[in-house]
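Residue-level structure breakdown
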Amino acid sequence: DRELVLEAVRQNGHALSFAADPLKADRELVLEAVRKDGHALSYAADPLKADRELVLEAVRQNGHALSFAADPLKADHEVVLEAVWQNGNALEWAAGPLKADCELVLEAV
């Protein structure tokens, strides 16, 4: 039941891990989950891991969520910067060229 899962992820983003696959592809539900816990991005359907707005929400809550983002977003300067602001170690999951970006490296340390 969608409403039950929506209420569950509002309490604990990790509840998304127990949702049926179609619900893991529900943008609104996943957005609620990552706002509560960015790590919930790991349970989202792959197309949502490429949703820039959703990934931004996830990395703002937990920089480690960058590790679950689609590769093009790992090369997105703004997304990586948000992740690094939240957790300097997130630079580890950035695309190669961004790992040498002076601004990002300074934010990471």
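Residues numbered from 1 in each chain as written. Predicted model: local features only at pLDDT ≥ 70, side-chain atom pairs only at ≥ 80, totals over all residues. Heavy atoms only, no water.

1. Here we look at the pattern of salt bridges
For clarity, the cut-off: One side-chain nitrogen of Lys or Arg within 4 Å of one carboxyl oxygen of Asp or Glu is enough to make a salt bridge. Helix numbers and strand numbers start at the N terminus; a helix is a DSSP run of H or I with at least 4 residues, a strand a run of E with at least 2. In this scheme, a residue with accessible area under 20% of its type's maximum is buried, one over 50% is exposed, and one in between is partly exposed, where area comes from a 1.4 Å probe on protein chains only.
For the coordinates displayed, the defined rule picks out 14 salt bridges. Note that Arg-35 is salt-bridged to Glu-57, the shortest N-O span being 3.6 Å. Taken together, the positions of Arg-35 in helix 3 (residues 27–36) and Glu-57 in helix 4 (residues 52–61) put the pair 22 residues apart, joining distant regions of the chain. On the basis of relative accessible area, Arg-35 is assigned to the partly exposed category, the value being 41%. Between Lys-49 and Asp-46 there is a salt bridge, and its shortest N-O distance comes to 3.7 Å. By relative accessible area, Lys-49 is classed as buried at 14%. Accessibility expressed as a relative area gives 57% for Asp-46, which makes it exposed. Connected through shared salt-bridge partners, Arg-10, Glu-32, Arg-35, Glu-57, Arg-60 and Glu-82 make up one network.

2. Observations concerning the nonpolar core
For clarity, the threshold we go by: For the purposes of this section, nonpolar cores are sets of buried Ala, Val, Leu, Ile, Met, Phe, Trp, Tyr and Cys residues that join through side-chain atoms within 4.5 Å. Whether two residues are in contact is decided by their heavy atoms, any of which lying within 4.5 Å being enough.
Of all hydrophobic cores here, the largest spans 35 residues; its most connected members are Val-9, Leu-16, Val-34, Leu-41 and Val-80. Only helix 1 (2–11), helix 3, helix 4 and helix 6 (77–86) provide two or more residues apiece to this core. If sequence neighbours within four positions are ignored, Val-80 has contacts with Leu-66, Leu-73, Lys-74, Leu-91, Ala-94, Leu-98 and Leu-104.

3. A look at the side chain of Lys-24
To keep things clear, this is the line we draw: We score Asp and Glu as negative and Lys and Arg as positive, and we do not count His or the chain ends.
Relative to the helices and strands, Lys-24 is located in helix 2 (residues 21–24). The charged side chain of Lys-24 is buried without a salt bridge, its nearest counter-charge being Asp-21 at 4.1 Å. For Lys-24, the residues in contact, after removing those within four places along its chain, are Leu-16, Ser-17, Ala-19, Val-30, Tyr-43, Ala-44, Ala-45 and Leu-48.

4. Remarks on the packing of helix 3 against helix 4
For clarity, the threshold we go by: Simply put, an axis is a line fit to the C-alpha atoms, just over the touching stretch for a helix, and the angle between two N-to-C directions goes from 0 to 180 degrees. Angle categories are assigned with fixed cut-offs, so that under 35 degrees is roughly parallel, over 145 is roughly antiparallel, 65 to 115 is roughly perpendicular, and the rest are oblique. By convention, the crossing between two helices is left-handed when the near helix turns anticlockwise from the far helix through less than a right angle, and right-handed when the turn is clockwise. Here the nonpolar group is Ala, Val, Leu, Ile, Met, Phe, Trp, Tyr, Cys and Pro; Asp, Glu, Lys and Arg are the charged ones; every other residue, Gly included, is treated as polar.
Running from amino to carboxyl end, helix 3 crosses helix 4 at an angle of 20 degrees, the nearest separation of the two axes being 7 Å. Classified by the interaxial angle, the pair formed by helix 3 and helix 4 is roughly parallel. Helix 3 and helix 4 meet at a crossing whose hand is left-handed. Seen from helix 3, the contacting residues are Arg-27, Val-30, Leu-31, Val-34, Arg-35 and Lys-36; seen from helix 4, they are Glu-53, Leu-54, Glu-57, Ala-58 and Gln-61. Class assignment for the residues of the contact of helix 3 with helix 4 results in five nonpolar, one polar and five charged.

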